[in-house]
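Residue-level structure breakdown
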Amino acid sequence: MPLLSSQTQYRILEIIPGFLVWMTFVLFIIFSFLKPLWVIYFLILFSLYWIIRLFHFIIYLIYSWFKYKKTIKINWKEKLEKIPAWQNIYHLIIFPTYKEPIEILETAFKSLIKIEYPFLEREKKQKKLDKFIVVLAGEERDGENFLKYAEIIKKKFAKYFYKFLITLHPQNLPGEIPCKAANLLWAGKKAKELIDKLEIPYENILASPFDMETCVCPLYFSRLTYEYLTHPQGKQRSYQPIIVFHNNIWDSPAFSRLLASAFTFSSLFHLVRPEWLFSACSHSLPFKVLAEVNFWDSDIITDDHRIFLKCFKKYKGNYQSIPLHIPVSMDAVYAGSLWRTLVNQYKQQLRWAWGIENFPYIIWNFFIKKEGQKIPFLKKFRYLWILSIEMYLWAVTPILLLILAFLPMIFIDPETKANLFVQNAPFILNYFRKITLFGLIFSAILGTLLLPKRPINHKPYKYLFMILQWVLFPLCAIIFASIPAIEAQTRLMLKKPLVSFQATEKKRVK
């Protein structure tokens with residue numbers, strides 16, 4: 001009989017991330033007072049580590065960018081037409097929505113009907129996407145508003161698809177929290193009922209759970225279907241596009257544009273290491289896999305990471321995400337006014353940082369429970385490591401390097417201060433900071449190259465602001481990266497979880 005109950009063991013796992021973060025800060029401050037020389041050594045080594053990470057990031061980012069530029073030049077529709085099996089493949093697209101304005105819904109559907117996808121001979125005249133089943137999934141909490149918008153979308157766009165389904169997720173179902181995952185679960189099961197009536201084999205369906213503002217690249221579904229049909233293990237894989245936040249980037253405030261560019265870089269970077277890649281935001285996966293894991297959990301915030309981990313567990317580690325290097329575009333945070341945008345930006349980062357809820361899930365299901373023992377150690381350790389180290393560094397790095405780094409020099413005694421190494425430490429750290437400026441300059445250049453076409457209501461000099469905004473990066477790293485990450489891990493440690501999915505308010509400049 002175990003000394004601790006399962007509930008207590010899991011609770012200890014929830015405490016670990018927040019405990020490590022706060023112990024880092026506490027020990028840093030204590031040792032800055034007691035052993036400042038040790039802290040100076042640590043700061044220099046830590047800064048050197050970040051310089052190495054920076055150049056590692058830049059090299060992989062450049063490689064991924066070139067791969068993206070090469071991929072979008074390929075005529076994937078033409079390549080797909082050469083594989084007869086494409087005619088058997090259906091696409092299920094689920095758009096969960098909650099209080100999004102009608103223009104957000106319309107923009108997503110307008111992009112969808114413009115995709116470049118093969119048509120059967122009988123469909124070429126009407127250009128109907130006869131292999132596409134689209135689900136518009138609303139919430140009963142916003143039922144009246146949603147049903148009004150859903151009817152507008154149905155009248156305008158339903159004719160373009162094989163089937164168009166409207167679902168309304170009931171509120172207050174047992175075991176659920178108000179979250180996107182619960183809506184996806186309801187919509188997924190309703191779609192399954194329709195698919196069963198249509199008698200479409202599950203292995204012939206690719207499911208794409210998309211955030212409502214997702215605008216797909218015209219090549220996306222041809223690229224996705226081609227990869228699914230040609231990959232040796234395509235039926236046991238998720239498919240991850242590049243997530244770019246370009247829908248409204250020209251209209252968003254500087255800090256929002258900056259963070260949108262940073263997360264676009266992060267998406268590009270992670271695609272070149274598929275063995276480390278989680279599913280993120282809008283992505284695709286086989287419907288058969290989705291049904292076998294019983295769809296999404298309805299009591300979690302980070303639905304994208306969790307559905308990947310459930311699939312990884314189901315297939316005993318023989319599951320990973322395949323990078324497509326085709327973009328889908330989403331919204332940068334913009335809520336109309338500067339203050340509401342600031343608040344929504346923070347809430348979004350807090351929600352993303354809540355991905356730390358998967359830390360105890362991974363250890364419990366992959367390392368402690370018996371079925372997890374069948375997963376190869378290296379495979380499960382990779383995902384534990386990448387989640388743990390990224391969440392930890394996300395929380396501590398900006399605070400340590402930008403706020404607390406001055407402490408050891410304040411408390412160091414005169415005798416130690418005479419040490420030649422100590423005297424040169426500020427210059428060494430300053431030199432490292434200058435090297436990081438190269439990273440900001442590189443980011444400014446690449447961010448500008450990735451921008452969508454400038455709208456006519458923005459003057460050419462706006463490009464200058466797109467470059468100069470990167471001077472705000474250190475401040476944004478503290479406010480919108482470190483602080484929400486610390487809050488998320490502290491909440492998990494204190495058992496003060498996010499109890500609902502706080503959807504980001506969206507506005508479009510007309």
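Attention here is on the structure that accompanies the text. (Residues numbered from 1 in each chain as written. Predicted model: local features only at pLDDT ≥ 70, side-chain atom pairs only at ≥ 80, totals over all residues. Heavy atoms only, no water.)

Now for the side chain of asparagine 365. If you trace the backbone, asparagine 365 turns up in helix H12 (residues 358–368). The buried category is assigned to asparagine 365, whose relative accessible area is 6%. Polar contacts involving the side chain of asparagine 365 include one to the side chain of lysine 313, which spans 2.9 Å. A polar contact is formed between the side chain of asparagine 365 and the backbone oxygen of tyrosine 361, at a distance of 2.9 Å. Excluding residues within four positions of it along the chain, asparagine 365 makes contact with Lys313 and Gly372. (Helix = DSSP H or I, 4+ residues; strand = E, 2+ residues; numbered from the N terminus. Buried < 20%, exposed > 50% of the residue type's maximum accessible area, 1.4 Å probe, protein only. Polar contact = N/O pair within 3.5 Å; in protein donor to acceptor, adjacent residues only side chain to side chain. Contact = heavy atoms within 4.5 Å.)

This brings us to the sheet that holds strand S7 (residues 285–286). Pairing within the open sheet is mixed, and its 5 strands lie in the order S3-S2-S1-S4-S7. Edge strands, defined here as strands with exactly one partner in the open sheet, are strand S3 (161–169) and S7. Here strand S2 (residues 129–139) pairs with S3 via 8 bridges, running parallel. Across the sheet, residue leucine 136 finds its bridge partner in S3, namely isoleucine 166. Against the sheet, helix H7 (residues 220–230) contacts strand S1 (90–96), S2, strand S4 (205–209) and S7, and its axis sits at roughly 130° relative to S4. (Pairing = 2+ DSSP bridges. Axes fitted to C-alpha atoms, helices over the stretch in contact; angles between N-to-C directions.)

Turning our attention to the sheet that holds strand S6 (residues 237–244). Pairing between the strands of a sheet comes from backbone hydrogen bonds, and it takes one of two forms, parallel or antiparallel. Taken together, the 3 strands give an open sheet; going across it, the order is S5-S8-S6, and neighbouring strands pair in mixed fashion. Each having just a single partner strand, strand S5 (215–216) and S6 make up the two edges of the open sheet. Bridging between S6 and strand S8 (residues 320–329) involves 7 bridges; their strand directions are parallel. Paired with serine 238 across the strands is serine 321, a residue of S8. On the sheet, helix H2 (residues 36–71) packs against S6 and S8 and is oriented at approximately 70° with respect to S8.

Looking now at the packing of aromatic side chains. Summed over the entire model, instances satisfying the criterion amount to 46 aromatic pairs. Measuring from centroid to centroid gives 5.2 Å for phenylalanine 278 and tyrosine 383, while their planes differ by 70°, and the two rings are edge-to-face. You can see phenylalanine 278 sitting in the loop between helix H8 (254–270) and S7 and its partner tyrosine 383 sitting in helix H13 (residues 377–402), a full 105 residues away along the chain. Both residues of the pair, phenylalanine 278 and tyrosine 383, belong to the buried class. Members of the aromatic cluster, each reached through a chain of ring pairs, are Trp86, Phe95, Phe109, Tyr117, Phe132, Phe157, Phe161, Phe164, Phe210, Tyr220 and Phe221. Stacked on the ring of tryptophan 50, the Lys or Arg arginine 53 has its end atom at 4.9 Å from the ring centre. In this structure, arginine 306 is placed above the aromatic ring of tyrosine 361, and the distance from its NZ or CZ to the ring centre is 3.9 Å. (Phe/Tyr/Trp six-rings, centres within 6.5 Å; stacked < 30°, edge-to-face > 60°. Lys NZ or Arg CZ within 6 Å of the ring centre and 35° of its normal.)

A few words on the pattern of salt bridges. Applying the stated criterion across every chain yields a total of 15 salt bridges. Among the salt bridges present, the one from aspartate 303 reaches lysine 180, with a minimum N-O distance of 3.5 Å. Of the two residues, aspartate 303 is situated in helix H10 (residues 303–314) and lysine 180 in helix H6 (residues 180–198); the sequence distance between them amounts to 123 residues. Grouping residues by exposure puts aspartate 303 and lysine 180 together as buried. One connected set of salt bridges, linked through shared partners, spans Arg11, Glu14 and Lys495. (Salt bridge = Lys/Arg side-chain N within 4 Å of Asp/Glu carboxyl O.)

Before going further, it helps to examine H12. Taken across its 11 residues, H12 has 9 buried, putting it largely inside the fold. Among the residues of H12, Asn358, Phe359, Pro360, Tyr361, Ile362, Ile363, Trp364, Asn365 and Phe366 are the ones counted as buried. Along its buried surface, H12 packs onto helix H1 (6–34), H10, H13 and helix H18 (473–493).

Among soluble globular proteins, nonpolar side chains are generally buried collectively. In this structure, Phe25, Leu92, Ile94, Phe287, Leu290 and Trp296 are the most contacted members of the largest nonpolar core, which totals 83 residues. For this core, the element with the most residues is H13, which contributes 12 residues. Leucine 290 has contacts with Ala207, Leu285, Phe295, Trp296 and Ile307, leaving out every residue within four places of it along the chain. Counting 54 residues, the second-largest nonpolar core is a separate cluster that includes Ile104, Leu112, Ala150 and Ile153. (Core = buried A, V, L, I, M, F, W, Y, C linked by side-chain atoms within 4.5 Å.)

A separate point is the packing of H12 against H13. Contact pair H12 / H13: the axes reach a minimum separation of 10 Å and the direction vectors enclose 170°. For the element pair H12 / H13, the angle class is roughly antiparallel. When you trace H12 past H13, the crossing you get is left-handed. Contact with H12, carried on its side by Asn358, Phe359, Ile362, Ile363, Phe366 and Phe367, involves Phe377, Lys380, Phe381, Tyr383, Leu384, Leu387 and Ser388 of H13 and no other residues of that element. In the contact of H12 with H13, the residues fall into 10 nonpolar, 2 polar and 1 charged. (Parallel < 35°, antiparallel > 145°, perpendicular 65-115°, else oblique. Left-handed = near helix turned anticlockwise from the far one by under 90°. Nonpolar A, V, L, I, M, F, W, Y, C, P; charged D, E, K, R; others polar.)

Our focus in this paragraph is unusual backbone geometry. Of note in the backbone geometry, cysteine 281 takes a positive phi value of approximately 50° without being a glycine. By secondary structure assignment, the location of cysteine 281 is in the loop between H8 and S7. Take cysteine 281: its relative accessible area is 16%, and that puts it in the buried class.

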